[in-house]
Amino acid sequence: MRMDLKALLVDDEINIMRNLQTVIPWEALGIEVVGLALNGVKALELIEEHDPDLILSDIRMPVMDGIELLKRLQERQYEGEVIMLTGFQEFDYARSAVKYGAKDYILKPIDYEELESVVGRLAQQIRERRNTKLQEQRKWKEMSTLAHEKMLYDVLMDYTTVGSLPDDEHGQLDQSVYTLLVADLDGYSQLARRWEEGERKLRNFAIRNVLQDALQPYRLVYAVMQTREGEWCVLIQREASGPQAASDEVRRWCAALLHAVEQYAKLTISVGIYPCPVPLESLAAARISVQRALQLSPGERQVLLADDCRPADEANTPLWGVIDQLATGMKQGDRESIEQAIGDLHAGIRAVLGQSVLRGEQMMHFLVLHLMREMRDVGMLTGEREEAVWAKLEKSVSVKGLFDTLDSLIDECLSARTVKKTGEVLMMSAKDYIDRHLSDDLGVEQLADHLGISCSYFSLLFKQQNGETFVEHVTRRRVERAKSLLLAGDKSITQIGKEVGYAERRYFTKVFLKQVGQTPSEFRERSGAEAEPLL
């Protein structure tokens, strides 16, 4: 039988320990004995190292007895099972151990047939519980299709309210709470200056996959979503009794994210943690709170716990609202809204300067970088326009200079919007929609409906603006994404095909072969070993 469970034996009597190790048919029960401990202190060390599914422990031991060991396991929220071993005279004492989490107890001298029966019964329960958990995880993964993730994304980005979700989706998620992490690429604004649009998208997409894979060993139920260029949100579904945000366990998750990006992407990120469990309806406010904490905290490769559980820095809440109003006005080209926001911003920054000049400079610097990032995301700041803003920003060392840089940024973005034709704006939106829905069964009707134009006009406009038809563009983008997945990990060809919109492997292989001149398997074999890292 395959040994899929682990056991730890704890007893200060070495002869009993040896009997436990040899008399019980562990291998036949599918259990591996991973450690022996003479007291509770040593047992805790081995538990930390091996995470056993089953623990057999004596009650009376030197240094740390079995009851204290149970208490420590409760504090650590140990999910395995514990069988206590005790003498007849300690019977009442052993019964009291059940309230501290012991699943069962065996009296000494040990009836090894009885013990084998108890171990076998508990092993079966552990396997059943594990299978149930795996089924729940599979169910979550099935739910985490693009449509489901898009729904979570819309709530996270405050594009929709929880109450407006379809009844089936709302019913599945309205009781969910999450541990929320925000991963931000260190120095992203500077890095992105060197990258062409295609390279930026490829890097962002690949890092998202690195973050997704980094948490798989922890058996978590989670989703990773890009919330803007160089920023990703990790939502980890949790129970009310799950680990607190400041716990070592959550920090280990964050460390795994940092390490994975540094190892596979050759870049560094910082991770912000929202300090409280987050219900679905509070995700948008929590993300913004962590995002701002990260942006206002200097340093790289850091794990940052947001200050408190408020949705935003209450002292500066009006100022944050002004920043959001300014970003919206710039995207919409609403000069009246922009002018009002600038006036409010001057008043807000003056109030901050009255408390701290450094804080005022930090907030203005964050604001300029934040707006540059937002405008780049919607294609309103590219090439020479972006370089002109950077040139002013690099010379700005005071709040006044930063306001001058902000004025330049606004002018450049409004000028860019003015010269862009309506068709260009529509096609920017179309291409962004395509990239976010590549695994969908995309069609002209879907895109035309999304943009609010006719199918014929969409097809004509797409070919004029992009030099290729809609189908050619979607096929090319899917193959490009498939190539990055083939080189970036060990997912199967079938899995990759589904992720880029081809449910049937044979059809995916046919399309890939036509575009690349190699099958997906050949491309991976010939390119994987010698290819330059994508990141």
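Report on the accompanying structure. Everything numeric here is computed off the predicted structure, so don't read it as measured data. Residues take numbers from 1 onward in each chain, read along the sequence in its written order. Confidence filtering applies because this is a predicted model: local features only for residues at pLDDT of at least 70, side-chain atom pairs given and counted only at 80 or more, and all residues used for totals across whole chains, interfaces and linings. Where side-chain values are given, they derive from all heavy atoms of the structure, hydrogens and water being excluded.

Some details on the overall build of the protein chain
Along the backbone of the protein chain there are 23 helices and eleven strands. Counting across all 535 residues of the protein chain, residues that qualify as buried make up 48%. Contacts were defined at the residue level, with two residues in contact if any of their heavy atoms lie within 4.5 Å. Within the protein chain, counting contacts between residues at least 6 apart in sequence, those at least 24 apart form 69% of the total. Counting only carbon and sulfur atoms, one obtains 48% of the accessible surface of the protein chain, whose full area is about 26,700 Å². Under the scheme used here, helices are H or I runs from DSSP no shorter than 4 residues and strands are E runs no shorter than 2 residues, and both carry numbers assigned from the N terminus. Here's how the labels work: a residue is buried when its accessible area is under 20% of the maximum for its type, exposed when over 50%, partly exposed in between, all with a 1.4 Å probe on protein chains only. Values of accessible area rely on a 1.4 Å probe in the Shrake-Rupley scheme; residue burial ignores everything except the protein chains shown.

Side note on the nonpolar core
By nonpolar core we mean a set of buried residues, namely Ala, Val, Leu, Ile, Met, Phe, Trp, Tyr and Cys, connected to one another through side-chain atoms within 4.5 Å. Core analysis: the biggest nonpolar cluster contains 36 residues, and L326, M330, L345, M364, L406 and L409 have the highest contact counts within it. Contributions of two or more residues to this core are made by helix 12 (317–332), helix 13 (335–355), helix 14 (357–377), helix 15 (383–393) and helix 16 (399–419). At nine residues, helix 14 tops the list of elements feeding residues into this core. Every residue in contact with L406, bar those within four places of it in the chain, is listed here: L326, I342, L345, M364, L367, V368 and L371. Core analysis: the next-biggest nonpolar cluster, separate from the first, contains 31 residues, I207, C254, A260 and A265 among them.

Topic: the side chain of T405
Checked against the element boundaries, T405 lands in helix 16. The class for T405 is buried, based on a relative accessible area of 0%. Discounting residues that sit within four places of it in the chain, T405 has contacts with V368, V389, K392, L393 and S396.

Here's the deal with the layout of surface pockets
Put plainly, a pocket is an open set of points on a 1 Å grid over the protein atoms alone with protein on both sides within 12 Å along at least five of seven lines, a cavity is a set where a 1.4 Å probe fits but cannot get out, and a lining residue has an atom within 4 Å of a point. Grid points are joined across faces, edges and corners, and a volume is the space filled by probe spheres set on the points. As a volume, the second largest pocket reaches approximately 580 Å³. Lining of the second largest pocket is provided by 23 residues; of these, G187, Q295, S297, H365 and L369 occupy positions nearest its centre. Sorting the residues of the lining of the second largest pocket by element identifies strand 6 (177–185), helix 8 (188–192), helix 11 (283–295) and helix 14 as the ones contributing at least two each. Top contributing element to the lining of the second largest pocket by residue count: helix 14, with six residues. Residues are grouped as follows: Ala, Val, Leu, Ile, Met, Phe, Trp, Tyr, Cys and Pro are nonpolar; Asp, Glu, Lys and Arg are charged; all remaining types, including Gly, are polar. Split by residue class, the lining of the second largest pocket holds eight nonpolar, eleven polar and four charged.

Section: the sheet that holds strand 5 (residues 104–108)
Here the rule is simple: two strands pair whenever DSSP picks up at least two bridges between them. Taking strand neighbours across the sheet as the criterion, the five strands line up as 2-1-3-4-5 in an open arrangement whose pairing is parallel. A single partner strand is all that each edge strand has here, and the edge strands are strand 2 (31–37) and strand 5. Each strand of the sheet is rotated relative to its neighbour by a mean of 20°, with strand direction disregarded. Bridging between strand 1 (residues 5–10) and strand 3 (residues 54–58) involves four bridges; their strand directions are parallel. Among the inter-strand pairings, L9 is bridged to a residue of strand 3, identified as L56. Under this scheme, a helix contributes an axis fitted over its contacting stretch, all axes are lines through C-alpha atoms, and angles between N-to-C directions fall in the 0 to 180 degree range. On the sheet, helix 2 (residues 40–50) packs against strand 1, strand 2 and strand 3 and is oriented at approximately 145° with respect to strand 2.

Focus: the environment of L202
As for its placement among the helices and strands, L202 is situated in helix 9 (residues 197–214). In the structure, L202 is positioned 279 residues away from R481 in sequence and 7.8 Å away in space, judged by C-alpha atoms.

Thoughts on the packing of helix 9 against helix 20 (residues 470–488)
The interhelical angle for the contact between helix 9 and helix 20, taken along N-to-C directions, is 45°, at an axis separation of 11 Å. In terms of orientation, helix 9 lies oblique with respect to helix 20. Where helix 9 crosses over helix 20, the handedness of that crossing is right-handed. Along its contact with helix 9, which presents L202, F205 and N209, the element helix 20 presents R481, S484 and L485. Should an angle fall under 35 degrees it is called roughly parallel, over 145 degrees roughly antiparallel, and 65 to 115 degrees roughly perpendicular, with every other angle called oblique. Should the near helix be turned anticlockwise from the far one by less than a right angle, the crossing is left-handed, and should it be turned clockwise, the crossing is right-handed.

Notes on the pattern of salt bridges
When the charged atoms of two side chains with opposite charge come close together, those side chains can pair. For this analysis, a salt bridge means a side-chain nitrogen from Lys or Arg found within 4 Å of a carboxyl oxygen belonging to Asp or Glu. Taken as a whole, this structure holds 26 salt bridges when the rule is applied. When the shortest N-O distance is used, the salt bridge between E231 and R287 registers 3.1 Å. Residue E231 is found in strand 8 (residues 231–238), and its partner R287 is found in helix 11; the two are separated by 56 residues along the sequence. Side by side, E231 and R287 carry an identical accessibility label, which is buried. Through salt bridges that share partners, K201, D435, E468, R476, R477 and E480 make up one connected network.

Regarding the packing of aromatic side chains
The aromatic pairing rule takes the rings of Phe, Tyr and Trp, using the six-membered ring of Trp, and pairs them if the centres are within 6.5 Å, calling planes under 30 degrees apart stacked, those over 60 edge-to-face and the rest tilted. The final tally for this structure, using the stated rule, is eight aromatic pairs. With 5.8 Å between their ring centres and 25° between their planes, Y502 and F508 make a pair best called stacked. Residue classification places F508 among the buried residues on the basis of a relative accessible area of 1%. Positioned above the aromatic ring of Y502 is the side chain of R478, whose terminal nitrogen or guanidinium carbon lies 5.2 Å from the ring centre. Only when the NZ of Lys or the CZ of Arg is both within 6 Å of the ring centre and within 35 degrees of the ring normal is a charge said to sit over the ring.

Observations concerning the environment of P275
With respect to the helices, strands and loops of the structure, P275 is situated in the loop between strand 9 (269–273) and strand 10 (278–279). Taking relative accessible area as the criterion, P275 reaches 18% and is therefore assigned buried. For the pair P275 and L304, spaced 29 residues apart in sequence, the C-alpha separation works out to 9.8 Å.

Topic: the packing of helix 17 (residues 422–436) against helix 19 (residues 455–466)
With their axes 10 Å apart at the nearest point, helix 17 and helix 19 run at an angle of 95° to one another. Our classification of the angle between helix 17 and helix 19 gives roughly perpendicular. For the pair helix 17 and helix 19, contact is made by G423, E424, L426, M427, A430, K431 and I434 and by Y457, F458, L461, F462, Q465 and N466, respectively. Residues belonging to the contact of helix 17 with helix 19 are distributed by class as follows: eight nonpolar, three polar and two charged.

Section: the pairing of strand 6
With eight of nine residues buried, strand 6 is to be regarded as a mostly interior element. Relative to strand 8, strand 6 runs antiparallel, the two being bridged by eight bridges. Bridged to T179 within strand 8 is I236. Here two bridges tie strand 6 to strand 10, and the two strands are oriented antiparallel to one another. Within the sheet, the bridge partner assigned to Y178 lies in strand 10 and is V278. Sheet topology note: the strand 6/strand 9 ladder contains five bridges and is antiparallel.

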